[in-house]
Structures are given as structure tokens and as C-alpha cells.
Amino acid sequence: MASSGIETILERIHAAERPDRADLSRILRIADPVEMASLTGYADAVRRRFVGNGVLLRGIIEFSNVCRNTCQYCGLNRRNTRLARYRLSRDQILTAVQNICGAGIKTIVLQSGEEDNLDADWLREVIAGIRSFLDAAVTLCVGERSREEYRIWKEAGADRYLLKIETSDPGLYRGLHPGMSFENRTRCLEDLAALGYQVGSGNLVGLKGQTVASLAGDLEFFKRGGFDMISVSPFIPHSQTPLAGEPAGDLEMTVKMIALTRILCPTAHIPASTAIGSLHGRDERPRALAAGANVIMPNFTPGDVRRLYDIYPGKAGCDLTPQRGVAAVERMATAMGRWVDYARGDALRLTRTAPGQDSPREASSDAGLAKALYN
Ligand code: SF4
């Protein structure tokens, strides 16, 4: 099929409220470089039109690597007894927050494993402490919690929450997440939306047993959920997991997924993830930025524990000071004719209606998210 045929399909996907599964699968099977260029070019144009040329920065603090779960792909799984565990104190977190603030970044991401003993009041005090001296957005990424905990943290000043689904295929989800349930994951996403969080989700590309059909299902899930942030990352095998011997996710498929996510969800904030910057030891984040991504998350975790947040091996930027990490993003953005945007970068549905596109949440309102996710 000529690239003009590809563009017709992309137009259809972009305009659809419910994209056709055959169209998504056709694009995910692209192997021809000319068709690939058409796909990324289309996604880049959508990105430019809906979220502009800025590259938003989110300063991330990985404050604990303790986790109760045994996700089959993750080096933080509790069965990895070779990993030294840590949790930063409130003061250590606030010092890292000041470093983010000093770099001019206005979004703080507090991320951890899913700790059994995470005290909701302790985290509430950390959030309130940040909000007491800083007018920055606070994003949480601490896993599946009760609605009451989510409420406490929202009232303390948290703005956003990231909870990746990793795969929307319930059977695959079950196999990869012993003791966890797809239903509870989506319950969390519903609760977060209903409480007024800006909600992010996402997936992993290249999981064992994942098919083109399951990836197309992930894209449909993103569209139905109307998420404010969507992260698409390649799977990278970790030696201390059951998937140690599996191949890493394919970069080209990851780029296709990012491009399709942008085309389907034009106003979402989409990161060029650190995992893309780490795959095969090369920094491929410019590929993601050129295919629809508009966010980068520099790491402000203190240097002495940063290597212990060992979700996957070979994590890029572990040796860089946060200042050098930000400078590298500045150079990357400039080389692409883009610029680093130091704004908070809230969900566009809260700040403006993107031209020519209804708010994602108008298509699936907060109250209707549950229905949307299950349909
Ligand atoms: S993916 Fe998250 S919940 Fe699962 S083992 Fe890793 S840190 Fe824990």
C-alpha cells in the first residue's frame, strides 16, 4: 500500500471515537520505512497542532524501592532478595524537591514501589510539606491503594496520579501479575478520576505473550479512558525476574505505539520514557519525541540510591547529576527545533480546549470512566 493509503487509515484512526481494530493492526504491522515515516510524520503533526513544540519536564524522585508485588517483568519485585531496599526520609525528599525547584521545573513526581507499609499520613505530610513552599504540581505514582488513601493525598495537594495498566489484556495481565487483579487496577483508575486527579496510564511493549491484537487493545483502552497522560515503554528484561531470558521490546513497535497513541489521544501528555533512552544502551528518546511524545522526566533521586531503583537494568542517566540531565534534554530539544517548556503542563482539558478536538473527558466523563474502561 502506498503511503497515501496509510494516511487515509491514519485520518480514520484520528477521527474515530472507536477506532477500527483492523486499522490499528494494519498500522502496527508496518515494516516499510516509507510507511513508518508517514506514520511518525502524521503523529508529529498532530503533536505540534495539539500540544505544541515545547518539551515539558517532570522532575522525578524515586523515594522507595520497597514493593509487596511480584510483577514478572520488574526488578523491584519482592522476590528479588539481591536488591538492597531503601526508603528516603521526608527531609531527603524535600531536599530533592528543592533541587527540582532550583532547576526551574514545576512538576514533582513522587514514585515508589507498592509498599505494604506506606503510611498514608506520612505521605500526606510530605505532599503538604511540598505544597507549603512550592507552587508546583505534585504527581504520585505509588500503585494500587484504597480510595480513602487517594482522597487523603488529593486533599493534601496532590494533582496527578500515574498508574500504568501495562497490558489491557486481562489474561496476559493475570499471568504477569500474580496475586493482583485487572479489576482492582481499573477500580483504582476510576477512583482517581472520580476524585479529580489528572490521571495517567500506559503500557509496556514486548511483554511475553503480547500480540498485535493485545497492543491494539491497549490503544483502544487509552482512547476509552480519556487519560491525561499516557506512557508507552519498551519491556527490558531483568536478570532477577522470571522473564530474565526474554527478548527486550522492539524499538520500532514502541515508536509505532507512541505515534498511534498521539493520533488517537491528541491532547494527552506522552513521555519519551527513560526506558526508551535505555534500550540497547542508546538514547532513543529523540525517536519518541519525533513520533508524538512531548514530555521528559529528569531523575532527581539522590545519587547514592538511584541505582537501587532497579526496575530494569542499564537505566540511562544514572551517572548524570540532575543539572546535567536537564542540560542534555535542553540540547536534545534544541537539536530537534523544539524547546524545553518549564511550565506545570497540566492536563489540557483543565487549561484550554485544544483546537478542533473536544476534551478527552467529554468523551468519557470522570463518572463514566468505569463504564468506558470496561466497554
Ligand atoms: S511494577 Fe511496580 S508494583 Fe510491580 S513489582 Fe515493580 S514496583 Fe512493584
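It should be emphasised that the depicted structure is a prediction, and the values quoted were computed from it without experimental measurement.

Asks: Kindly report on the sheet that holds strand E2 (residues 59–64), identifying the contributing residues and their values.
Replies: As summarised here, the arrangement of the six strands in space is E2-E3-E4-E5-E6-E7, forming an open sheet in which the pairing is parallel. Because the sheet does not close on itself, it has two edges, and the strands there are E2 and strand E7 (229–234). Each neighbouring strand pair of the sheet contributes to a mean axis angle of 20°, computed without reference to strand direction. By the bridge criterion, six bridges tie strand E6 (residues 198–205) to E7 in an arrangement that is parallel. Each bridged residue has a counterpart across the sheet, and for Ser201 the counterpart in E7 is Ile230. Across the sheet, helix H4 (residues 90–102) is in contact with E2 and strand E3 (107–112); its angle to E2 comes to roughly 170°. Across the face of the sheet, helix H9 (residues 212–225) comes into contact with E6 and E7 while running at roughly 175° to E6.

Asks: Describe the pairing of E3, naming the residues involved and giving the relevant values.
Replies: Judged by how many residues are buried, E3 sits mostly within the fold: six of six residues are covered. Going residue by residue along E3, you find Thr107, Val109 and Gln111 tucked away on one face and Ile108, Leu110 and Ser112 tucked away on the opposite face as well. The pairing of E2 with E3 spans five bridges and is classified as parallel. Counted as the bridge partner of Ile60 is Val109 from E3. Regarding the hand of the β-α-β motif, the stretch spanning E2, H4 and E3 is right-handed. With five bridges connecting them, E3 and strand E4 (residues 137–141) associate as parallel partners. When the bridges of E4 are listed, Gln111 appears paired with Cys141. Note on the crossover from E3 through helix H5 (residues 120–133) to E4: the handedness is right-handed.

Asks: Quick rundown of the site of the ligand? Include the residues and the values.
Replies: Around the ligand, the neighbouring residues are Cys67, Asn69, Cys71, Tyr73, Cys74, Leu76, Asn77 and Gly113. Of the residues belonging to the shell around the ligand, the class tally is five nonpolar, three polar and no charged.

Asks: So what about the nonpolar core? Which residues, and what values?
Replies: Ile61, Phe63, Leu110, Leu123, Leu140 and Trp153 are the most contacted members of the largest nonpolar core, which has 109 residues in total. In this structure Leu123 touches Phe63, Leu110, Leu118, Leu140, Val142 and Trp153, once residues within four positions along its chain are discounted. With five residues, the next largest nonpolar core counts Ile60, Val109, Cys141 and Met229 among its residues.

Asks: How would you explain the packing of aromatic side chains if you had to name every residue and give the values?
Replies: Going through the model one piece at a time under the given rule, you end up with eight aromatic pairs. Ring centres of Tyr150 and Trp153 lie 6.4 Å apart, and the angle between their planes is 65°; this geometry places the pair in the edge-to-face category. Of the two residues, Tyr150 and Trp153 are both situated in helix H6 (residues 147–156); the distance of three residues between them amounts to about one turn of the helix. Each member of the pair Tyr150 and Trp153 is classed as buried. Between Tyr150 and Tyr161 the ring centres are 4.9 Å apart and the planes differ by 70°, which places this aromatic pair in the edge-to-face class.

Asks: Describe helix H13 (residues 322–335), naming the residues involved and giving the relevant values.
Replies: Spanning 14 residues, H13 covers 20 Å between terminal C-alpha atoms, matching the ideal 20 Å at 1.5 Å per step. Looking at the packing, one finds that the buried side of H13 touches strand E1 (54–57), helix H11 (285–289), strand E8 (295–296), helix H12 (303–306) and strand E9 (339–341).

Asks: A description of the state of the cysteines should follow, citing residues and the corresponding values.
Replies: According to the stated counting rule, one finds zero disulfides in the structure shown. Unpaired in this structure, Cys265 has its nearest cysteine sulfur neighbour in Cys141, at a distance of 19 Å.

Asks: So what's going on with unusual backbone geometry? Residues and values would help.
Replies: Phi angles above zero are rare outside glycine, and Glu166 is one such case at about 70°. Turning to its location among the elements, Glu166 is positioned in the loop between strand E5 (160–162) and helix H7 (170–176). Relative accessible area serves as the criterion here: at 11%, Glu166 is assigned to the buried category. Of note in this structure, His280 is not a glycine but carries a positive phi near 55°.

Asks: Summarise the sheet that holds E8; cite the residues concerned and give the values.
Replies: Pairing between the strands of a sheet is mediated by backbone hydrogen bonds and can be parallel or antiparallel. Taken together, three strands build an open sheet; the order of strands is E8-E1-E9 and the sheet is parallel. Here the strands that pair on one side only, and so sit at the sheet edges, are E8 and E9. In terms of strand pairing, E1 meets E9 through three bridges, oriented parallel. In the sheet register, Leu56 faces E9, and the bridge partner there is Asp341.

The rules behind the values
- Residues numbered from 1 in each chain as written.
- Predicted model: local features only at pLDDT ≥ 70, side-chain atom pairs only at ≥ 80, totals over all residues.
- Heavy atoms only, no water.
- Pairing = 2+ DSSP bridges.
- Helix = DSSP H or I, 4+ residues; strand = E, 2+ residues; numbered from the N terminus.
- Axes fitted to C-alpha atoms, helices over the stretch in contact; angles between N-to-C directions.
- Contact = heavy atoms within 4.5 Å.
- Buried < 20%, exposed > 50% of the residue type's maximum accessible area, 1.4 Å probe, protein only.
- Right-handed = clockwise from strand over helix to strand, strands pointing away.
- Near = heavy atom within 4 Å.
- Nonpolar A, V, L, I, M, F, W, Y, C, P; charged D, E, K, R; others polar.
- Core = buried A, V, L, I, M, F, W, Y, C linked by side-chain atoms within 4.5 Å.
- Phe/Tyr/Trp six-rings, centres within 6.5 Å; stacked < 30°, edge-to-face > 60°.
- Expected span 1.5 Å × (residues − 1).
- Disulfide = S-S within 2.5 Å.

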